[in-house]
Every structure is written in structure tokens, then in C-alpha cells.
Amino acid sequence: LASQLWKTGNADAMMLATMIVDPKEMTESDLHSWAESIQYYVVADMFVRDIVTCSPHARRCMDVWRNSTREYVAQCGWDLVALAALNDKDLPDTPFAITIERIEKGIASAPNRVRHAMNNALIAIGLRNDSLRTKALAAASRIGKVNVDHGQTGCKTPDAAEYITKTLAICMVCGGPA
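Residues numbered from 1 in each chain as written. Predicted model: local features only at pLDDT ≥ 70, side-chain atom pairs only at ≥ 80, totals over all residues. Heavy atoms only, no water.

Participant: Would you mind showing me how to read the side chain of Asn-119 here?
Facilitator: Locating Asn-119 in the fold gives a position in helix H8 (residues 112–126). Owing to a relative accessible area of 2%, Asn-119 belongs among the buried residues under this scheme. Aside from chain neighbours lying at most four places away, what touches Asn-119 is Ile-107, Val-146, Thr-157, Pro-158 and Ala-160. (Helix = DSSP H or I, 4+ residues; strand = E, 2+ residues; numbered from the N terminus. Buried < 20%, exposed > 50% of the residue type's maximum accessible area, 1.4 Å probe, protein only. Contact = heavy atoms within 4.5 Å.)

Participant: I would appreciate a short explanation of the pattern of salt bridges in the present structure.
Facilitator: Pairs can form between side chains of opposite charge whenever their charged atoms are close. The full count for this structure, using the stated rule, is nine salt bridges. Among the salt bridges present, the one from Arg-66 reaches Asp-63, with a minimum N-O distance of 3.7 Å. For Arg-66, a relative accessible area of 16% gives the class buried. Between Asp-93 and Arg-128 there is a salt bridge, with its nearest N and O atoms 3.0 Å apart. Of this pair, Asp-93 sits in the loop between helix H6 (71–87) and helix H7 (94–106) while Arg-128 sits in the loop between H8 and helix H9 (130–143), placing them 35 residues apart in sequence. (Salt bridge = Lys/Arg side-chain N within 4 Å of Asp/Glu carboxyl O.)

Participant: How should I be thinking about the packing of aromatic side chains in this particular structure?
Facilitator: To describe a pair of aromatic rings, one takes the distance between the centres and the angle between the planes. Per the counting criterion, the structure on display carries five aromatic pairs. In this structure an aromatic cluster arises from ring pairing among Trp-6, Trp-34, Phe-47 and Trp-65. The ring of Trp-78 carries Arg-66 above its face, with NZ or CZ at 5.5 Å from the centroid. Across the ring face of Tyr-41, the terminal group of Arg-113 is positioned such that the distance to the ring centre comes to 3.7 Å. (Phe/Tyr/Trp six-rings, centres within 6.5 Å; stacked < 30°, edge-to-face > 60°. Lys NZ or Arg CZ within 6 Å of the ring centre and 35° of its normal.)

Participant: In this structure, what is going on with H9? I would like to understand it.
Facilitator: Here H9 is 14 residues long and its end C-alpha atoms lie 20 Å apart, about the 20 Å a rise of 1.5 Å per residue gives. The first or second residue beyond H9 is Gly-144, which carries a positive phi of 80°. (Expected span 1.5 Å × (residues − 1).)

Participant: I would appreciate a short explanation of the nonpolar core in the present structure.
Facilitator: Side chains that are nonpolar tend, in soluble globular proteins, to be buried together. Within the largest apolar cluster, 58 residues are counted, with the highest numbers of intra-cluster contacts made by Trp-34, Phe-47 and Trp-65. Residue contributions to this core peak at ten residues, all from H6. Discounting residues that sit within four places of it in the chain, Trp-65 has contacts with Leu-31, His-32, Ala-35, Phe-47, Val-52, Val-73, Ala-74, Cys-76, Gly-77 and Leu-80. (Core = buried A, V, L, I, M, F, W, Y, C linked by side-chain atoms within 4.5 Å.)

What is shown is where atoms sit, not what they do.
Encoded structure:
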């Protein structure tokens, strides 16, 4: 049923598909096929959060997709970078440090939704630990304001340095990890 819903191309049906599919039953080929058919950033967000991160193929998809020339596929890849930075403590820091450099070099020329996802990835990497935070804050300072067209919504793209700093301050008050 999830596959049939996804194949309609209707955003609402695709979002429903993300809610009912069993991510562990999705092959890497299935994930690539689904990613290639995304035409709406909200579907991309749900697809990554509800399916890809729960599959055993997330790391490989992250590496492949963030190099895609297709806007929503690349968005998915960068969304996975952000989620890995926040949640996958088994990954070493070195790839994230390299990723900060890549974000800094490429964010200005990236497609709209990719810029948004790269900015979120920079924030997430900056929240991973003190060492990466220092590197992310320096990069955010050099990058400056990231402009993303959110359409006719109230959404705003957060300033990465400001967001990292505010989040860290909240975590310090609450005693939570950052």
C-alpha cells in the first residue's frame, strides 16, 4: 500500500506512505527510487526522518544523496548529515569537520532547499561537541546570512552561529547535552 501511495506522486499520499511503510523492508534501491521522485521539501523531510533514518542504508544514502544534482535528493542527503551529527555517536568527528569545510565552500551556490538543509547540517554539527562547535561557529561567521526562499510561509532560515549559541545556552541552563 505504501508503495502504491508513493507512486501517485501526490504529496499527501506520499506523506501517508512515509507513515505506514516499514523502513526495514525498504531496500537501498527502493530508497533511491523514492528519493528521486520527491518534488516537495516537506515530503523530503518526512521521508528522511520517518524512513531513511530507520533503515540500515542511511549512511550510504547520506553519502550518495548529498552529492546529487537533484535539489530534493541533495536536500535528503544533507538532512541525513544533520540527523547523523545529532544522533549517531558512533561516527567519528573527522568527516564532520571536513563536511563543515564543504558546507562553507558550497552553500552559497547550492539550490534553495539544499542551502536550507546545509545550514541545518552546519547547526547540527556545531551542536555535536565543543571541538566541532568551534569550527562550525567560525564557518558560520564566514558564511554569514543564508538566504532561502520559503515561499509564502512564515518560515525563516536561522542564522547558524546564533542558533548554535542559543541552543548551547539553553542546554547549559537545562543541564541537557549539546
